Amino acid sequence: MDFLDDELIDDIARVQRIPVVPTLLDVICQSTGMGFAAVARVTESKWVTCSVRDDINFGLAPGSELILKTTICDEIRQSQEAVVIDHVQENEKFCGHHTPLTYGFQSYISFPIVLKSGEFFGTLCAIDPKPAQLDNTRIRGMFAAFADLISFHLQQAELLEESDKAVRNLSRQLTDTIDENRQYRHISNHSLQEPLRKLRVFSGMVVQAIKEKDHEKAEYLASRIHSSAERFSAMIASLSDFTLLDDDKQAPELTNLNAPLAVATQLLRFDILDKEASIVSEKLPSIHVYPAQIEQLFYHLLHNAIKFSKKDEKPVVSISCSMIDSSEFAGQTGTGQQYVKILIKDNGIDIDSSQLEKVFDMFSQLPVKPGRTGEGVGLTFCRKIIRNHNGFIKAQSEINRGTRISIILPAS
């Protein structure tokens, strides 16, 4: 048999979390005298048990699979009508049917479990090698009620999961908003005030130099004003581009991540040639993302890796990828979600451990060697992009071992 996919595994878990199901199966066996009862998940290609009571050693446990076409449940999936057989050998329609011949039962009952959305989920079924009195109002009514009860609990479980996911997303968005508001306050009160202060000071000094007819000093101060004005303009442009990350989003697209990585590498081709940089990447998967934003993400990360390389060493950037689940970062998200982890490692200058969180703040100017300047927005954009994808980003660095950026994105 093929391995079960994550969706089927989740469906099995949902049924097993319904506390009343084992009791329902017990009541079915006791009321009908049958030795096997189960809740089965039935799809277009799979028949899988979710919960089982087996007193006849039929050999199935939760997660066991039968070939779909060998079951009557496949026909029930298509018709969404119950099938009740007291005695196979005496039933004109089913006496020669392949299912009882394959599995050796004489009594059989199966009712469809239909979700409140109208979607067919599976069946509540029972079998036994001996005949049983099943085709009556009492047994049919019990199965119909139990199937409806299971459907109700499945719907409640789905609603609870959606509610839990919504609460987590809102909590995350609130945390992100609080952090971004903190940054905006700092930008307004400090980052933008510094070039404005310089503009005011230099302007006053220019006026004084002109009064003193010191043209050389006035020319020098004018160049400083121009430089401060350019920096102020660049900061405003960066802020504008940053806010657009929230607005410039269409529906996520299934994207092979190798494509945006290739675009970013092409945009940096002159920097790569100039520094003789080497960029080596494993094959990346396809996931749903905003392609333009992921291009920006790779661009900023690769640009930083090249820009902050060691003076006497050619930049080497390696990109690796692995699949992880939420247990690897418990407490940050719900359980069962699969994620793609992308690790970008470089051999550049390291970052002091006290600065690892600050590097993601807008306009952060961390201590670096002379000649390496910037506005300090690249990693801020990266974190915003990752947040837009409900992912996580983390920086790690060790002395003389470069920097590692971990990116974690939902796999679906």
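Residues numbered from 1 in each chain as written. Predicted model: local features only at pLDDT ≥ 70, side-chain atom pairs only at ≥ 80, totals over all residues. Heavy atoms only, no water.

(A) Structural context of helix α1 (residues 6-16). Those residues of α1 lying buried are Leu8, Asp11, Ile12 and Val15. Looking straight down α1, one finds that the buried residues subtend no more than 100° of arc, so they occupy a single side. (Buried < 20%, exposed > 50% of the residue type's maximum accessible area, 1.4 Å probe, protein only. Helix = DSSP H or I, 4+ residues; strand = E, 2+ residues; numbered from the N terminus. Arc of directions from axis to C-beta.)

(B) Spotlight on the packing of helix α8 (residues 258-267) against helix α10 (residues 291-307). Running from N to C, α8 and α10 point in directions that differ by 50°, and their axes come no closer than 8 Å. Between α8 and α10, the angle is such that the two are oblique. By crossing handedness, the relation of α8 to α10 is classed as right-handed. In contact with Pro260, Leu261, Val263, Ala264, Thr265 and Leu267 of α8, α10 contributes Pro291, Ile294, Glu295, Phe298, Tyr299 and Leu302. Residues belonging to the contact of α8 with α10 are distributed by class as follows: 10 nonpolar, one polar and one charged. (Axes fitted to C-alpha atoms, helices over the stretch in contact; angles between N-to-C directions. Parallel < 35°, antiparallel > 145°, perpendicular 65-115°, else oblique. Left-handed = near helix turned anticlockwise from the far one by under 90°. Contact = heavy atoms within 4.5 Å. Nonpolar A, V, L, I, M, F, W, Y, C, P; charged D, E, K, R; others polar.)

(C) Spotlight on the pattern of salt bridges. Scanning the model with the defined rule gives 11 salt bridges in all. In this structure, Asp11 and Arg41 form a salt bridge, with 2.8 Å as the shortest nitrogen-oxygen distance. Within this pair, whereas Asp11 is found in helix α1, its partner Arg41 is found in strand β1 (residues 36-42), the two being separated by 30 residues in sequence. Note on accessibility: Asp11 and Arg41 belong to one class, buried. With a shortest N-O distance of 2.8 Å, Arg140 and Asp135 are connected by a salt bridge. Judged by its relative accessible area of 32%, Arg140 is partly exposed. (Salt bridge = Lys/Arg side-chain N within 4 Å of Asp/Glu carboxyl O.)

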